[in-house]
Amino acid sequence: MSLTTQQALRSLLNDADRSSLRRIFRERVSFDEPLAPFTSWKIGGPADALAVVEDETELASLMRFCFKRKLPWFVLGSGSNVLVGDGGMRGIVIRLGTGFARVDVCERDGDVIVEAGASAPMAIVTARAASAGAADVGSLSGIPGSVGGSLRMNAGTDREMGDFVRDVWVQSPSKPDPHPVTVQYFYRHSTLARDAVVARVTLGFRKADPHGVREEMQSRLVRRKRTQPIALPNAGSCFRNPDGDKAARLIEAAGAKGWREGGAEVSPLHANFINNVDRASAKDVASLLARVRRAVHDRFGVDLKLEVHLVGVFIDET
Ligand SMILES: Cc1cc2nc3c(=O)[nH]c(=O)nc-3n(C[C@H](O)[C@H](O)[C@H](O)COP(=O)(O)OP(=O)(O)OC[C@H]3O[C@@H](n4cnc5c(N)ncnc54)[C@H](O)[C@@H]3O)c2cc1C
């Protein structure tokens, strides 16, 4: 193993850091634990520290600690849009716990208002909102992410998270206490600052007939089951759709359906999905992504842009 790779794999935490984290988080922090179980791809090496933060006060303390120690950190939501390198992640990986999972739904001025903590699953948010008659919430259904991750990604389908956001509260190392921010939303990304952790979000929907909203959501979920390999470990669509076209159409037309690298396979059902079919490594998936991208470029001259976030250390040697 080269010296550079060895350095990239070395923990950034010293004994004092580990003791401080253990004191704050007790059994809710683990060291050198693989991240694979926390991602939908079931892929990813160890984090120097993986801490489950239970409330905004605790998150503020952790933000101050990272700031003081100049430690890198990363917030992991449901892990449904990330490819974590086989070398894992240096610094602290933060997961928001059940203290951030509250979902409150009410009606205000004729609209359906949803106040949700950042770790709340979109499945729960959309189901609760649909029962209250939140118009168009079906466009956010079937997304296996958290509220925080979905906000950063501006996740959605024909309508997106940003279409419904009223307020966003964040915390960051330079401003650790929760504060509101203004965010702009674009196709599968947003202007949310890199160092901002979303703590909670308010969404607003026009009020419609709950029965109709639930039925529409149900038919979207049925369609997803038919067109996407949702039972296999993957991260949804890997590439963003280029202007006026579909990444899946281009990948399929390039003949890539069913291609394999190690344990990773381009889904035969939906060409923009890569499934982990046999203990795939991040290197397998990254190689397959590169191969697909090359094929689409060679055939159509289109440069596909990644939708999934590649994070952590990718080891390019055997
Ligand atoms: C089967 C399947 C179907 C999918 N379908 C869709 C779809 O229809 N539409 C769509 O848009 N996406 C889809 N996705 C992708 C994914 O579910 C979304 O991007 C989702 O919003 C990601 O949320 P997450 O919590 O899993 O984020 P993660 O994957 O954990 O993180 C994604 C990014 O968000 C950041 N992040 C996470 N939490 C926070 C937080 N609290 N504050 C700040 N940043 C945060 C992370 O640091 C990372 O950069 C699909 C994925 C799968 C596996």
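A few points on the structure. (Residues numbered from 1 in each chain as written. Predicted model: local features only at pLDDT ≥ 70, side-chain atom pairs only at ≥ 80, totals over all residues. Heavy atoms only, no water.)

## What to know about the nonpolar core
Item 1. Within the largest apolar cluster, 51 residues are counted, with the highest numbers of intra-cluster contacts made by L21, L62, I92, I94, V114, L203 and F205.
Item 2. Counting residues per element, this core draws most heavily on strand β12 (residues 197-206), which supplies six residues.
Item 3. Shared between two domains, this core takes at least three residues from each, and those domains are domain 1 (3-99) and domain 2 (101-227).
Item 4. For L62, the contacting residues outside a window of four places in its chain are L21, F25, V53, I92 and I94.
Item 5. By size, the runner-up hydrophobic cluster in this structure holds 25 residues, among which are I251, A254, I274 and A282. (Core = buried A, V, L, I, M, F, W, Y, C linked by side-chain atoms within 4.5 Å. Buried < 20%, exposed > 50% of the residue type's maximum accessible area, 1.4 Å probe, protein only. Helix = DSSP H or I, 4+ residues; strand = E, 2+ residues; numbered from the N terminus. Domains from an automatic or database assignment. Contact = heavy atoms within 4.5 Å.)

## Topic: the packing of aromatic side chains
Item 1. As enumerated under the stated definition, the model contains one aromatic pair in all.
Item 2. The lysine or arginine in question, R200, covers the ring of W169, its NZ or CZ lying 4.5 Å from the ring centre.
Item 3. When the ring centre of W259 is taken as origin, the NZ or CZ atom of R291, which lies over that ring, is 4.3 Å away. (Phe/Tyr/Trp six-rings, centres within 6.5 Å; stacked < 30°, edge-to-face > 60°. Lys NZ or Arg CZ within 6 Å of the ring centre and 35° of its normal.)

## A look at the site of the ligand
Item 1. Within the structure, the ligand sits among 37 residues, and V75, G77, S80, S146 and R224 are positioned closest to it.
Item 2. Between S78 and the ligand, the recorded distance is 2.8 Å, taken from a backbone N or O atom to an oxygen atom.
Item 3. Interatomic distance of 3.1 Å between a side-chain N/O atom of R188 and an oxygen atom of the ligand.
Item 4. For the ligand, the accessible surface in isolation is 970 Å², of which the surrounding protein chains cover 96%.
Item 5. Breaking the shell around the ligand down by element, the ones donating at least two residues are β3 (73-76), α5 (147-153) and β12.
Item 6. Looking at which element gives the most residues to the shell around the ligand, the answer is α5, with five residues.
Item 7. When grouped by side-chain class, the residues that make up the shell around the ligand number 15 nonpolar, 17 polar and five charged. (Near = heavy atom within 4 Å. Polar contact = N/O pair within 3.5 Å; in protein donor to acceptor, adjacent residues only side chain to side chain. Areas by Shrake-Rupley, 256 points an atom, 1.4 Å probe, with all protein chains shown as cover. Nonpolar A, V, L, I, M, F, W, Y, C, P; charged D, E, K, R; others polar.)

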